[in-house]
Amino acid sequence: MTDELVNKINAVQSIFDQLDRAIASFQNETSLHCQWGCGKCCFKPDIEATVLEFLPFAHHLYQQGLAEAWLTKTSESDSAVCLILNPTQSGAGLCSQYAHRGLICRLFGYAARTNKYGEKELVTCSIIKTEQVDQIEKANEKIKLGLPVPVMHEYYMQLASIDFDLSRDFFPINAAIRKAIEKVLSYYAYR
Ligand code: SF4
């Protein structure tokens, strides 16, 4: 039996790795940066994600023997705020699973959308917008002049090319995580 799900997870992870490199390069060129220890974007109660982008996290949980516990946690909680968030964590941010965060988590702050004129516009957080006004202005100028910037819908299209069904629908983030765990557990249950 081929490892179809694992192949998809590896393909998603490869997109994540490529995106992380693109964002690092964009940050390097623009000096845009998150405040140390911030993580405020993760407190938003309306973050939506696809199942596919949380398959790497779900698979990691399975490998660690934590998938069942997280399935219970995501099934029983009615929190609208991401359950991966650890508000008491010290460090660069508050994500307790930074290496396994989803696509939306990676894109937010350092990616662009395409406006109705076909121009790329940076989508970033209100704190960066308020505190890094000059850098934002310069970044948008550089983007107009051709500076490569990750474009959100292009990354979602890349996910769709891996698995259209698992990347088509957006769910509240904890539901997306739960569905990803269910997918991984059911895959291994029937192997
Ligand atoms: S997975 Fe991590 S980065 Fe994404 S919303 Fe949750 S806590 Fe924030």
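Structure first, text after, so check above.
Colleague: Any chance you could explain the overall build of the chain here in plain terms?
Modeller: Along its length, the chain carries nine helices and four strands. Traced from its N-terminal end to its C-terminal end, the chain shows the element sequence α-β-α-α-α-β-β-α-α-α-α-β-α. Compactness check: the chain gives a C-alpha radius of gyration of 17 Å against a globular reference of 16 Å for 191 residues, within 12% of the reference. C-alpha extents for the chain along the principal axes are approximately 55 × 35 × 25 Å. Residues classed as buried in the chain amount to 42% of the 191 residues present. Partitioning the contacts of the chain with sequence separation of at least 6, the portion at a separation of at least 24 is 78%. When the accessible surface of the chain is summed, it comes to about 10,600 Å², and 52% of that surface belongs to carbon and sulfur atoms. One way to put it: in the chain the 19 positive side-chain charges average out to a point 2 Å from where the 22 negative ones average out.

Colleague: Is there a simple way to think about the site of the ligand in this case?
Modeller: Lining the immediate environment of the ligand, one finds Cys42, Ile47, Cys82, Ile84, Leu85, Cys95, Cys105 and Ile173. The pocket occupied by the ligand, as judged from atoms lying within 2 Å of grid points, is the largest pocket. Here the shell around the ligand is built from residues that sort into eight nonpolar, no polar and no charged.

Colleague: I would appreciate a short explanation of the packing of aromatic side chains in the present structure.
Modeller: Working definition: an aromatic ring pair is given by the centre-to-centre distance plus the angle between the planes. A complete count under the given rule lists four aromatic pairs for this structure. For the ring pair tyrosine 62 and tyrosine 188, a centre distance of 4.1 Å and an interplane angle of 5° mean the geometry is stacked. Here tyrosine 188 lies in helix H9 (residues 173-189) and tyrosine 62 lies in helix H2 (residues 55-63), a separation of 126 residues in the sequence. Members of the aromatic cluster, each reached through a chain of ring pairs, are Tyr62, Tyr187 and Tyr188. A cation sits over an aromatic face here: lysine 73 above tryptophan 70, 4.1 Å from the ring centre. One cation-aromatic arrangement involves arginine 101 over tyrosine 98; the distance from NZ or CZ to the ring centre is 3.7 Å.

Colleague: Even after reading the chapter, I still don't get the pattern of salt bridges, so can you show me in this structure?
Modeller: Two side chains carrying opposite charge are able to pair once their charged atoms lie near each other. Scanning the model with the defined rule gives ten salt bridges in all. The salt bridge involving lysine 8 is made with aspartate 163; its shortest N-O contact spans 2.7 Å. With lysine 8 in helix H1 (residues 4-30) and aspartate 163 in the loop between helix H7 (152-162) and helix H8 (164-168), this residue pair connects regions lying 155 residues apart in the sequence. The exposure classification of lysine 8 matches that of aspartate 163, with both residues buried. In this structure, arginine 168 engages aspartate 165 in a salt bridge whose closest nitrogen and oxygen atoms are separated by 3.7 Å.

Colleague: Help me understand the nonpolar core in this model?
Modeller: Inside soluble globular proteins, nonpolar side chains tend to come together where they are buried. Counting 55 residues, the largest nonpolar core has Phe26, Phe54 and Ile181 as the members making the most contacts within it. Filtering out sequence-adjacent residues up to four positions away, isoleucine 181 remains in contact with Ala58, Leu61, Ala67, Trp70, Leu71 and Thr74.

Colleague: Explain the state of the cysteines here, please?
Modeller: Structurally, a disulfide amounts to a covalent bond that connects the sulfur atoms of two cysteines. Inspection of the entire model under this criterion finds zero disulfides. Residue cysteine 41 stays outside any disulfide, its sulfur separated by 4.2 Å from that of cysteine 42, the closest cysteine.

Colleague: Hey, could you run me through the layout of surface pockets in this one?
Modeller: Over the atoms, a rolled probe matching the size of one water molecule traces out where space is still vacant. A volume near 1,100 Å³ is recorded for the largest pocket. Along the walls of the largest pocket sit 45 residues, with Cys34, Cys41, Cys42, Cys105 and Phe108 positioned nearest its centre. Looking at the lining of the largest pocket, the elements with two or more residues in it are H1, helix H4 (103-107), helix H5 (126-131) and H7. Considered class by class, the residues forming the lining of the largest pocket number 27 nonpolar, ten polar and eight charged.

Quick notes on the rules
Residues numbered from 1 in each chain as written. Predicted model: local features only at pLDDT ≥ 70, side-chain atom pairs only at ≥ 80, totals over all residues. Heavy atoms only, no water. Helix = DSSP H or I, 4+ residues; strand = E, 2+ residues; numbered from the N terminus. Rg over C-alpha atoms; globule rule 2.2 N^0.38 Å. Buried < 20%, exposed > 50% of the residue type's maximum accessible area, 1.4 Å probe, protein only. Contact = heavy atoms within 4.5 Å. Areas by Shrake-Rupley, 256 points an atom, 1.4 Å probe, with all protein chains shown as cover. Lys, Arg positive; Asp, Glu negative; His and termini not counted. Charge placed at Lys NZ, Arg CZ, Asp CG, Glu CD. Near = heavy atom within 4 Å. 1 Å grid on protein atoms, 1.4 Å probe; cavity = no way out; pocket = protein on both sides within 12 Å on 5 of 7 lines; lining within 4 Å. Sits in = over half its atoms within 2 Å of the grid points. Nonpolar A, V, L, I, M, F, W, Y, C, P; charged D, E, K, R; others polar. Phe/Tyr/Trp six-rings, centres within 6.5 Å; stacked < 30°, edge-to-face > 60°. Lys NZ or Arg CZ within 6 Å of the ring centre and 35° of its normal. Salt bridge = Lys/Arg side-chain N within 4 Å of Asp/Glu carboxyl O. Core = buried A, V, L, I, M, F, W, Y, C linked by side-chain atoms within 4.5 Å. Disulfide = S-S within 2.5 Å. Points joined across faces, edges and corners; volume = space filled by probe spheres on them.

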